[in-house]
Amino acid sequence: MIGFDLSVELEEAGFNVVGVAPTVAKALHLLERQRCDLAVLDVNLGQETSAPIARALIAAGVPFVAVTGYAVDQCPEEFATAPLLSKPFQTARLVATLKRQLHQ
């Protein structure tokens, strides 16, 4: 539910959202079918982490921003070089971070 709300806010900020995936399997399937320029990953997806998605994005050269309720040192190593926003965060801060990632 939060992902869908966030996607609406990102679209209002000018981004084209290609999908929301609440599981690793759905995200990887989406990445196979749809090219993206940038991604937002929640580190914790319930019973799994989004580390496999981060690896796929890194391999494809797609930048991403991670969001989490965890401390930085509790995140999988795949997130070491990505910008990390702690929850709760303001959408404006996420938008600014995403724009910086696009222009690197």
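See the structure above.
These figures come from a predicted structure and were not determined experimentally.

Analysis parameters
- Residues numbered from 1 in each chain as written.
- Predicted model: local features only at pLDDT ≥ 70, side-chain atom pairs only at ≥ 80, totals over all residues.
- Heavy atoms only, no water.
- Buried < 20%, exposed > 50% of the residue type's maximum accessible area, 1.4 Å probe, protein only.
- Helix = DSSP H or I, 4+ residues; strand = E, 2+ residues; numbered from the N terminus.
- Pairing = 2+ DSSP bridges.
- Right-handed = clockwise from strand over helix to strand, strands pointing away.
- 1 Å grid on protein atoms, 1.4 Å probe; cavity = no way out; pocket = protein on both sides within 12 Å on 5 of 7 lines; lining within 4 Å.
- Points joined across faces, edges and corners; volume = space filled by probe spheres on them.
- Nonpolar A, V, L, I, M, F, W, Y, C, P; charged D, E, K, R; others polar.
- Axes fitted to C-alpha atoms, helices over the stretch in contact; angles between N-to-C directions.
- Contact = heavy atoms within 4.5 Å.
- Patch = residues over 30% accessible without salt bridge, like charges linked within 9 Å, V, L, I, M, F, W, Y side chains within 5 Å.
- Areas by Shrake-Rupley, 256 points an atom, 1.4 Å probe, with all protein chains shown as cover.
- Salt bridge = Lys/Arg side-chain N within 4 Å of Asp/Glu carboxyl O.
- Lys, Arg positive; Asp, Glu negative; His and termini not counted.
- Charge placed at Lys NZ, Arg CZ, Asp CG, Glu CD.
- Arc of directions from axis to C-beta.

J.: Give a detailed account of the pairing of strand E1 (residues 39-42), specifying residues and quantitative values.
T.: Covered by surrounding structure in E1 are Ala-39 and Leu-41 only, the residues Val-40 and Asp-42 on the alternate face being uncovered. By the bridge criterion, four bridges tie E1 to strand E2 (residues 64-68) in an arrangement that is parallel. Across the sheet, Leu-41 pairs through a bridge with Ala-66, a residue of E2. Handedness of the crossover joining E1 and E2 through helix H3 (residues 51-60) is recorded here as right-handed.

J.: Can you tell me about the layout of surface pockets, naming the residues and giving the values?
T.: Its volume calculated, the largest pocket comes out at about 1,200 Å³. It is helix H1 (residues 2-12) that provides the largest number of residues to the lining of the largest pocket, a total of eight residues. Looking at the lining of the largest pocket residue by residue, the classes come out as 27 nonpolar, eight polar and six charged.

J.: Can you explain the pairing of E2? Please cite residues and give values.
T.: In terms of burial, E2 is largely enclosed, as five of its five residues are buried. Of the two faces of E2, the one carrying Phe-64, Ala-66 and Thr-68 and the one carrying Val-65 and Val-67 are both buried.

J.: Go over unusual backbone geometry with me, naming the residues and quoting the values.
T.: Pro-88 follows Lys-87 through a cis peptide bond whose omega is -10°. On the secondary structure map, Pro-88 appears in the loop between strand E3 (84-86) and helix H4 (91-102).

J.: Which residues make up the sheet that holds E3, and what are the values?
T.: Taken in spatial order, the three strands make up an open sheet running E1-E2-E3, and their pairing is parallel. With partners counted over all chains shown, the strands left at the sheet margins are E1 and E3, one partner each. Taking each pair of neighbouring strands and ignoring which way they run, the sheet shows an average axis angle of 25°. Across the sheet, H3 touches E1 and E2, and the angle it forms with E1 is around 155°.

J.: Quick one: what's the story with a negative patch on the surface, residue by residue and with numbers?
T.: A surface patch of like charges, here negative, comprises Asp-5, Glu-9, Glu-11 and Glu-12. Checked against the element boundaries, Glu-9 lands in helix H1.

J.: So, H3: which residues are in play, and what are the values?
T.: Considered for burial, the residues of H3 that qualify are Ala-51, Ile-53, Ala-54 and Leu-57. Here the buried residues of H3 occupy an arc of 155° about the axis, which is enough to place them on one side. Elements in contact with the buried residues of H3: helix H2 (24-33), E1 and E2. Of the residues trailing H3, Gly-61 is marked for its positive phi of about 75°.

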